[in-house]
Structures are given as structure tokens and as C-alpha cells.
Amino acid sequence: MLKRIVTIQDISCFGKCSLTVAHPILSAMGIETAVIPTAVLSTHTGGFTGYTFRDLTSDIPAIAKHWQSLQLQFDGIYTGYLGSKEQVQIVSDFFQTFRSAQTKIIVDPVMGDGGKLYPGFTADFVQEMKTLCQRADVIVPNMTEASLLLDCPYRTDYNEKEIQEILRALTDIGTPIAILTGVQYGDGNHGAVAYDRSTNTYYAAFRKHIDQAVHGTGDIFSSLLSGAIVKGASLEKAVQLAVNLTTDCIEATLPDRETYWYGVSFESCMGKIAQEAAAL
């Protein structure tokens, strides 16, 4: 029987991010994938201007109510971009309604990058997101989001011990597992480090750093990670798979980087994603 996951985030109709990345990747991994779009944009906001935006906050409770009447159950709930404090609160209620003993909740606390909040977000939103992270089984912040959640200065130079301290502090929020993305130690590698508070164990995965700024890599990583976790992979295996396949997707984009400046050519790696997922 297929595992079932619901992913809650926006859909940017063009640009390869959010739901247009999450849905095909999770499906390729052999997981029945349901979606709740939080907003519809004509394109993503990175590098595009004049994009359209339609907020779908008011639709989410009605979707949840209908699903509840159908007695739907999920093996995983994976959240990405949530556009407002109200949406965070609604998603928190969704967790409470649809969580069961087997449900894994993965929160990607999308709030910013490069040391800055994304436009439209405030300190109040950060506090709401911190509350949502308390209800998650796994959180997946980047370095900027970790600094926001912990209310500490953003930096780019960390050693291994400092990264481990950050991960422990992230689990102090309330989540049992924290995974920090975008970790670099100055050795030419780039990857992610995870901490499981229940076993006091760290897991790390790295690949050679690719010096290219590309949109959608965080969504690819979180989707791969969520799929692996829902399929029952160990934390170590899930992090390794997500780092390796995300890097493979970036490498596949490089020959046509000027053409696909707006996203990652993950489509060319879908066969490998399906193959790796089938082996979990």
C-alpha cells in the first residue's frame, strides 16, 4: 500500500519551486501526494517582476473540514511557504486534526535567506513559526531561519561544534529532530547536518559546493527528505539521500544554466529519484 503525504505550501505556476517541485518529486518517490495550496502565484518571486498573487487562506479550513468528513489519514504532513500568521495558525490546527500515531510532521520554516526575512514577514511571524516548529517531528531550517528561530545573529562562518550547538538549541524549541541546511565549514563542501535529540546523535552529509545561486533547491531538499522519512528511511539515510539528489539536480542544471536561470532541472533526475526511493 502506498504511503500518503499532504504538502501545504504555495503554488508558483512557473519557476520550479514549492508545489510544482514537491508534488512531482514525492510522486516519483512512490508516495500518494495530496496538496493544499496556500496561495497561487503566476511565477515565484525570485527574479521575476509583475507576478500575480492570490491568497487562499480562507480556502484551507474548508478543505480540512471536507477531508475530515472523508476520514482521510496521512502518513506525513509536510509544510513549506506559509504566507501569514493566520495561515500558520490554521496549519497548526490541521496538525491537531489529522495527526495520528504514525503521522510524521515535517516543517520547513520558510522565512528568509541570506540573513534577511523574505518580504512581508515580521518578527511576529517568526514567533508564530516557532510555535509551529514546536508541533513538528522534524524541522528543516536554513542558516538564516535558524538564526531567526533562535533570535541570534546571522553568520556564515561556523565550525562543527558550533553547528551542533545550534542544532541542540533548535530542538530546545520542542521538536525532537532538527536538520540544518546550507552548512559549510570552509573546506569546499556543502550539505546538511541533523540532530536527533532522543538519541543525542548527529548525522551529516556533504557534497562538493557548487558556486551557483539557484532557485528552488530548498524545496527539492525538503521534498526528498520528507519522502524518505515517510517511507521509513533512517534519519541518516534520509539526509544523505536528500543532499545527494539535490546536488545531482543542481549539477544537471549547470550545462543550461542561462536558460534555466529561474529554477533547477530536477526533471532530468526523476528516474534516479524514483530508483533511489524504491530502494528505501
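Parameters and conventions
Residues numbered from 1 in each chain as written. Predicted model: local features only at pLDDT ≥ 70, side-chain atom pairs only at ≥ 80, totals over all residues. Heavy atoms only, no water. Helix = DSSP H or I, 4+ residues; strand = E, 2+ residues; numbered from the N terminus. Rg over C-alpha atoms; globule rule 2.2 N^0.38 Å. Buried < 20%, exposed > 50% of the residue type's maximum accessible area, 1.4 Å probe, protein only. Contact = heavy atoms within 4.5 Å. Lys, Arg positive; Asp, Glu negative; His and termini not counted. Charge placed at Lys NZ, Arg CZ, Asp CG, Glu CD. Salt bridge = Lys/Arg side-chain N within 4 Å of Asp/Glu carboxyl O. Axes fitted to C-alpha atoms, helices over the stretch in contact; angles between N-to-C directions. Left-handed = near helix turned anticlockwise from the far one by under 90°. Pairing = 2+ DSSP bridges. Phe/Tyr/Trp six-rings, centres within 6.5 Å; stacked < 30°, edge-to-face > 60°. Expected span 1.5 Å × (residues − 1). Arc of directions from axis to C-beta.

S.K.: Give a description of the overall build of the protein chain that names residues and reports values.
M.R.: The helix and strand inventory of the protein chain stands at nine helices and 11 strands. On C-alpha atoms alone, the protein chain measures out to a radius of gyration of 17 Å, which is about the 19 Å that the 2.2 N^0.38 rule sets for 280 residues. With the C-alpha coordinates of the protein chain rotated into their principal frame, the extents come out at 55 × 45 × 40 Å. Relative to its full complement of 280 residues, the protein chain shows a buried share of 50%. Relative to all contacts within the protein chain whose residues are 6 or more apart in sequence, the contacts with residues 24 or more apart total 67%. Charge-centre separation for the protein chain: the mean point of 21 positive side chains lies 4 Å from the mean point of 30 negative side chains.

S.K.: Kindly report on the pattern of salt bridges, identifying the contributing residues and their values.
M.R.: This model, assessed by the stated rule, comprises nine salt bridges. In this structure, D157 engages R155 in a salt bridge whose closest nitrogen and oxygen atoms are separated by 3.5 Å. Its relative accessible area of 52% is what places D157 among the exposed residues. In this structure, K272 and D248 form a salt bridge, with 2.8 Å as the shortest nitrogen-oxygen distance. With K272 in helix α9 (residues 270–278) and D248 in helix α8 (residues 235–253), the pair connects residues that are 24 residues apart, well separated along the chain. Assessed through its relative accessible area of 39%, K272 is described here as partly exposed.

S.K.: Let's hear about the packing of helix α7 (residues 217–230) against α8: which residues, and what values?
M.R.: Across the interface, α7 lies against α8 with an axial gap of 8 Å and an inter-helix angle of 145°. Considering how the two elements wind past one another, α7 and α8 form a crossing that is right-handed. Along the contact surface, α7 presents T217, I220, F221, L224, L225, A228 and I229, while α8 presents A238, V239, L241, A242, V243, L245, T246, C249 and I250.

S.K.: Please give an account of the sheet that holds strand β5 (residues 104–107) that cites residues and values.
M.R.: Strand pairing in a sheet is mediated by backbone hydrogen bonds. Such pairs are either parallel or antiparallel. Spatially, nine strands are ordered β3-β2-β1-β4-β5-β8-β9-β10-β11 in an open sheet, and the strand pairing comes out mixed. The open sheet has two edge strands, β3 (53–55) and β11 (201–208), and neither has a second partner. In this sheet, β11 lies alongside strand β10 (residues 189–196) in antiparallel orientation, the contact comprising eight bridges. For A194, the partnering residue across the bridge sits in β11 and is Y203.

S.K.: Tell me about the packing of aromatic side chains, and name the residues and values.
M.R.: For the coordinates displayed, the defined rule picks out 15 aromatic pairs. Each ring, one from W67 and one from F98, has its centre 6.5 Å from the other, and the planes form 85°; the classification is edge-to-face. With W67 in helix α2 (residues 60–69) and F98 in helix α3 (residues 85–98), the pair connects residues that are 31 residues apart, well separated along the chain. Between F74 and F98 the ring centres are 5.8 Å apart and the planes differ by 65°, which places this aromatic pair in the edge-to-face class. Residue F74 is found in the loop between α2 and β4 (76–79), and its partner F98 is found in helix α3; the two are separated by 24 residues along the sequence. Its relative accessible area of 1% is what places F74 among the buried residues. Ring pairing ties together the aromatic residues F14, F48, Y260, W261 and Y262, which thus form one cluster.

S.K.: How would you explain the environment of E160 if you had to name every residue and give the values?
M.R.: For E160, the position within the fold is in helix α6 (residues 160–172). Taking the C-alpha atoms as reference points, E160 and Q184, 24 residues apart in sequence, are found 9.2 Å from one another.

S.K.: Account for helix α4 (residues 123–134), with residues named and values stated.
M.R.: The end-to-end C-alpha distance of α4, which contains 12 residues, comes to 17 Å, matching closely the 16 Å that a straight helix rising 1.5 Å per residue would cover. Restricting attention to buried positions, one finds in α4 the residues F125, V126, M129, K130, L132 and C133. An end-on view of α4 places all buried positions within 160° of arc, on one side of the element. Those residues of α4 that are buried are in contact with β4, α3, β5, β7 (116–117), β8 (138–139) and α5 (143–150).

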